[in-house]
Amino acid sequence: MPVLEIVDLKKGFGGVQALDGLDFHVDKEEIVSVIGPNGAGKTSFFNTITGYFSPDEGRILFNGIDISGHQPHEITELGIARTFQNVRLFPNMTVLENVMVAQHCRSKTGIFGTLLNTRSFKREEAEIEANAKDVLAFFGERLKGYRWDQPAYVLSYANRRRLEIARAMATFPELILLDEPTAGMNPKETAELTDLIRQLRDDKGFTVVLIEHEMRVVRDVSDRVVVLDHGVKIAEGDYETVSHDPDVIEAYLGRPAEKTDE
Amino acid sequence: MTQSLERSVDVEELPPNPVDWSRVQKWGALGGLTMSFVAAIGMVTALDARIIISPWLTMGFVSVGWIPLVYGSIAGNEPSEQGPARAVEGERELVSGLVAGLLSGLFFALFIVLIDAVDFTDIFGRLGPRLVELLTFGKGLAAASAMWIIGSGLLGLAGGAVSVVPRKVRKALAYGIAGVLLVALMEIIVTDITQGLRIEFLSDWIYALNGGLTNQSALVVGLLSAVLGWRSSDQTLTERRQARMQLDPDVRFRKNAIAIAITILAVIFLPMILGGLTNELLANVGLFVLMGLGLNIVVGSAGLLDLGYVAFFAVGAYLTAVLTSPFSPSWAPELTLNFLSWEGWVILGIVLIAAALAGIFVGTPVVRLRGDYLAIVTLGFGEIIRILFLSDWFAPYFGGAQGITQIPSAALGPVEIRGTSSQAMFYLISVFVGIAIYVAWRLQRSRAGRAWTALREDEDVAEAMGINTAAIKLTAFVTGAMFASMAGMLFAVKVGSVFPNSFKLLVSIVILVIVIVGGMGSIPGVIVGAVVLIGILGGPTQPGLLQEFGEFKLLVYGVILVVMMLKRPEGLWPSLRRQRELHQDEIGQDAWLQLEQGAAEGTDS
């Protein structure tokens, strides 16, 4: 059974049909790339899955449960985490706090436990902190040690992207949605992140869906590529197939001018 | 790489900056305008009663005298936040200050001539012969004008000199002046303490018979404060706090524990040696600290601008009145707020539950709103609750405009805590403030506290992190409401009666100003803010230390708020997080520079 199965998804904003009858599925421990020209509906697609937009029509099944119309926090709790296209951290919280706050839905101590400083509260806090450090260790030395107590805004751009992924991992999801994870990175950082995305699946067992413009990344990580244009899926398959598909080339480059007699 | 970071320029090589005459004119004219304004609204006349140094310097003259000094200093001081290093200070600052001062004086002299020629008393009550008499020192218009112009010029010159003299001297002078002003203004408290300690001779020597310092004592106090300023550390408060954060956790813990122990001892023993008036001030401060701590959670931590906060204060006060007063119109169980019997705890429980319900009632419709919309809606709710209490509909239960009177005192077993006994009230309020501080402190560094911060930083992302933003907002509202309702309960037994008019919008605003001035999200900040605004200036209905300020209180609040927003937006005692937030560029820049330097040295992080 696929982890995520989407059937005939539709979402319109006034005159624009951002998603127009989209079918989509991801299997367990698969890496799927969603590509398409600007305005194809990729981010709207993510926003609809994660509950920021409620779909006009169609079903979104996550492990067999219909999650369309759920609140974003409920969807996170069910096990879908995401990153944002333009990095959105909590800039004034420290690196560690950023990852700790992500475990909100996996912890439960209420106000009274906090006030009485109960043993379960202490244990849970210690656990949250240990988990956070564990997740940050995934990025090697990048987000370790003295970085823990630095506010997130002092991080370099690439480290912000990494922290955002760490934060998504800390919600203990099954499926991670990455919205252009390598945007704005240099080739070296991009290569490093490509490896990391693969490790997300291989070592951590996450299922990954990513939106990506950098074709080298798409080629290197994807098990399958889905191409969107005007809210419709125009092609699907492995990278080689998709990259030679005439519809895809047309969507990106436009139709060749028709020859006329004159 | 390192080459481009060499930013130091040899200062001696730069030509001296010329005097910026348009700037001088601007600040001179502004100075004159401000002086005239202060005189016109009657501050000089009203504050004339408060003597600083007997007999020649009163608060009235201080209220205009600071203007040429400060404006002169600004006129000569070019903003130097960016760009290359400036030339050495000197001539330019002095000339600018002097001229700006002279201009202000000239402007003000013209103002005096004008109000002497035309009597405005019919329109502006304060612009009359009394003001002229005060401002001319009874020496005739020409002589007085000359004195104002020369005096302002000298003050302006002194203002310009401020940026020329070495830092140490500047600091000593500032401390000296501040010391004299403080000791003079705190006359009541100082006399109170010396009487409590039975060393009245000290205050007898310091203060003149008709109030204010004598010439000798002013000299001594000024010198002592100046020495203190000279010897004080060069670190700013923030630097010291940051240094403290670097300390070993054990050492820091011990230092904090000592500081807390001293504070607790002071709270226990200080009221014993203080007189009624000072205790009254402290009790008022305590009430507002209690409310400030609650609003600090809502606004400071969770970032929800709640302008109707007074509603919860009203709920607490009214419920206490209904439960205790025999004059409660419809239902009067006549309980007493006795914390050694079940009755007190029942009242506290009912008040807290009602406040939580009120918090949910107000919170539920507004949790989906953000920013300005939330502020407007809460503002409306605050007014609705006050008007409900005032309405005919509620009058049979809450007494309408007549309110509920004869609320009995609180008690502790057989010991009665009279509302009129400010010392006992202070102890009672302190206990609640202590609990509130503990609760606020625990919540700040917990799961809920982190979620509130995340909510403030970015609501959408907080939602994506699995935080139920609606629920967490409601929690913030309810927690804040409970703090305010406790304050309301104490207010009711302290004052002995409640009226709808005690719960005006102004109260909400004053609490908000306390939180902002003290430092959003900072617990000590709330206390500092409450001491400054309620203790010194006075609350919405409570007189402060500077009673003469009463009618100008709101003006001064406004001025403080504007100056704070411009010069120290993070508040007097900010939380470190908030400080980082408002000086992000600078810190980010420094961090970037360090990184670059590190990279240049080949130590890639």
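Remember, predicted model here, so these are calculated numbers, not experimental data. (Residues numbered from 1 in each chain as written. Chains lettered and ligands numbered in written order. Predicted model: local features only at pLDDT ≥ 70, side-chain atom pairs only at ≥ 80, totals over all residues.)

**Q** An account of the environment of Gly212 of chain B is needed here, citing residue identities and associated values.
**A** Relative to the helices and strands, Gly212 of chain B resides in the loop between helix 10 (200–206) and helix 11 (215–231). Spatially, the C-alpha atom of Gly212 of chain B lies 4.5 Å from that of Ile52 of chain B, the residues being 160 residues apart in sequence. (Helix = DSSP H or I, 4+ residues; strand = E, 2+ residues; numbered from the N terminus.)

**Q** How would you explain the interface of chain A and chain B if you had to name every residue and give the values?
**A** In this assembly, 29 residues from chain A lie in contact with 25 residues from chain B. With four residues, the single largest contributor to the side of chain A that touches chain B is helix 2 (residues 72–78) of chain A. Across the side of chain A that touches chain B, the residue classes break down as 14 nonpolar, ten polar and five charged. (Contact = placed C-beta atoms within 7 Å. Nonpolar A, V, L, I, M, F, W, Y, C, P; charged D, E, K, R; others polar.)

**Q** Which residues make up the packing of helix 5 (residues 119–137) of chain A against helix 6 (residues 157–170) of chain A, and what values go with them?
**A** All names here are of chain A. Relative orientation of the contacting elements helix 5 and helix 6 amounts to 135 degrees, with a least axis distance of 9 Å. One element, helix 5, and the other, helix 6, form an angle in the oblique class. Here helix 5 runs over helix 6; the crossing is right-handed. On the side of helix 5, the interface is formed by Asn131, Ala132, Val135 and Leu136, while helix 6 contributes Ala166, Met169 and Ala170. (Axes fitted to C-alpha atoms, helices over the stretch in contact; angles between N-to-C directions. Parallel < 35°, antiparallel > 145°, perpendicular 65-115°, else oblique. Left-handed = near helix turned anticlockwise from the far one by under 90°.)

**Q** Talk me through the sheet that holds strand 7 (residues 175–179) of chain A; I want residue IDs and the actual numbers.
**A** Residues and elements named next belong to chain A. Ordered in space as 6-7-8-3-9-10, the six strands form an open sheet in which the pairing is mixed. For this open sheet the edge positions go to strand 6 (80–82) and strand 10 (232–237), each flanked by a neighbour on one side alone. On average, adjacent strands in this sheet sit at an angle of 20 degrees to one another, irrespective of strand direction. (Pairing = 2+ DSSP bridges.)

**Q** Could you give an account of the packing of helix 8 (residues 167–185) of chain B against helix 11 of chain B, with specific residues and numbers?
**A** Residues and elements named next belong to chain B. The N-to-C vectors of helix 8 and helix 11 enclose an angle of 140 degrees; their axes lie 7 Å apart at closest approach. The pairing of helix 8 with helix 11 is recorded here as oblique in orientation. Classified by chirality, the crossing of helix 11 by helix 8 is right-handed. Residues Lys168, Lys171, Ala172, Leu173, Ala174, Tyr175, Gly176, Ala178, Gly179, Val180 and Val183 of helix 8 touch helix 11, and the partners they reach there are Ala218, Val221, Gly222, Leu224, Ser225, Ala226, Leu228, Gly229 and Trp230. Considered class by class, the residues forming the contact of helix 8 with helix 11 number 13 nonpolar, five polar and two charged.

**Q** Just give me the short version of the sheet that holds strand 2 (residues 16–26) of chain A, but keep the residues and values in it.
**A** All names here are of chain A. Taken together, the four strands give an open sheet; going across it, the order is 2-1-4-5, and neighbouring strands pair in antiparallel fashion. Taken across any chain shown, the strands that pair with only one partner, and hence form the sheet edges, are strand 2 and strand 5 (65–66). As defined by bridge partners, strand 1 (residues 4–13) adjoins strand 2 across eight bridges and the pair is classed as antiparallel. Opposite Gly12, over in strand 2, you have Gln17 as the bridge partner.

**Q** Tell me what's going on with the environment of Trp27 of chain B, and back it up with residues and numbers.
**A** Residue and element names in this part refer to chain B. Positionally, Trp27 belongs in helix 2 (residues 21–40). The sequence separation of Trp27 and Ala100 amounts to 73 residues, and the corresponding C-alpha distance is 6.2 Å. Setting aside its immediate chain neighbours within four residues, Trp27 contacts Tyr71, Ile74, Ala75 and Ala100.

**Q** Account for the domain arrangement of chain B, naming residues and giving values.
**A** Entries for chain B in the domain assignment read domain 1 (15–79 + 87–164), domain 2 (168–234), domain 3 (235–273) and domain 4 (276–504). Each of domain 1 of chain B and domain 4 of chain B has a C-alpha centre, and the two are 45 Å apart. (Domains from an automatic or database assignment.)

**Q** Which residues make up the confidence of the model for chain B, and what values do they have?
**A** Across chain B, pLDDT averages 85, with 90% of residues at or above 70. Of the regions scoring below 50 in pLDDT, residues 1–7 of chain B engages in six contacts with residues more than four places distant in sequence or in other chains. (pLDDT = per-residue confidence, 0-100.)

**Q** Lay out unusual backbone geometry with the relevant residues and their values.
**A** Residue and element names in this part refer to chain B. With an omega of -5 degrees, the peptide bond running from Ser54 to Pro55 counts as cis. Considering the arrangement of structural elements, one finds Pro55 in the loop between strand 1 (51–53) and strand 2 (57–58). For Gln406, which is not glycine, the phi dihedral falls at a positive 60 degrees. Following the sequence through the fold, Gln406 ends up in the loop between helix 18 (395–398) and strand 3 (410–412). Residue classification places Gln406 among the exposed residues on the basis of 12 C-beta atoms within 10 Å. (Buried ≥ 20, exposed ≤ 12 C-beta atoms within 10 Å, placed from the backbone.)

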